[in-house]
Amino acid sequence: MSHGSIWLFIFVSGLISFGLRFSFLGLLQEGDFPLIIKRLLRYVPVAVLSAFFVPAWLLYQGKFDLSMDNHRLLAGLVGLLISFISKNIVITIMSGMLTLWILGI
């Protein structure tokens, strides 16, 4: 595959991705969404973040691990607890990072 066809593929993929997102979000006005869609869209960030973080917390060295040796799980639980208490994203991130640092990762 030549460099030109790789760049063409990247460009066309970007146009398709932009077109799909623009058709859904750019062409509709805020008032055009039904109420149920507005309610469901509120949960998208939580679902995406869960898809990123839960596997990182539950997998340790490529295996499912709920033991005390899984420092990422412990740091995630500390961060989760701090997030419920503080409702502050910066404090939550710092507490999780500090927990990982203390546990030696």
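Here is what the cut-offs are and how they apply
Residues numbered from 1 in each chain as written. Predicted model: local features only at pLDDT ≥ 70, side-chain atom pairs only at ≥ 80, totals over all residues. Heavy atoms only, no water. Patch = residues over 30% accessible without salt bridge, like charges linked within 9 Å, V, L, I, M, F, W, Y side chains within 5 Å. Areas by Shrake-Rupley, 256 points an atom, 1.4 Å probe, with all protein chains shown as cover. Salt bridge = Lys/Arg side-chain N within 4 Å of Asp/Glu carboxyl O. Helix = DSSP H or I, 4+ residues; strand = E, 2+ residues; numbered from the N terminus. Buried < 20%, exposed > 50% of the residue type's maximum accessible area, 1.4 Å probe, protein only. Contact = heavy atoms within 4.5 Å. Polar contact = N/O pair within 3.5 Å; in protein donor to acceptor, adjacent residues only side chain to side chain.

### Observations concerning a nonpolar patch on the surface
Taken together, the side chains of F24, L25, I36, I37, L40, L41, V44, V48, L49, F52 and F53 make up a nonpolar region of the molecular surface, amounting to roughly 1000 Å² of accessible area. Those elements that place two or more of their residues in the nonpolar patch are α1 (3-26), α2 (35-41) and α3 (44-58). In terms of residue count, α3 provides more of the nonpolar patch than any other element does, 5 residues in total. Its place among the elements puts L41 in helix α2.

### Some details on unusual backbone geometry
One non-glycine residue, K87, adopts positive backbone phi at about 60°. Note on placement: K87 falls in the loop between α4 (71-86) and α5 (89-103). Classification of K87 by relative accessible area gives exposed; the value is 67%.

### As for the environment of T92
Tracing the backbone through its elements, the reader meets T92 in helix α5. Look at T92 and you get buried, because its relative accessible area is 14%. With 44 residues separating them along the chain, T92 and V48 place their C-alpha atoms 18 Å apart. Dropping the residues within four chain positions of it, T92 is found in contact with G79, I82, S83 and S86.

### Side note on the side chain of T99
Position of T99 relative to the elements: it lies in helix α5. Look at T99 and you get buried, because its relative accessible area is 15%. A polar contact is formed between the side chain of T99 and the backbone oxygen of S95, at a distance of 2.7 Å. Residues contacting T99, with those up to four places away along its chain left out, are L74, A75 and V78.

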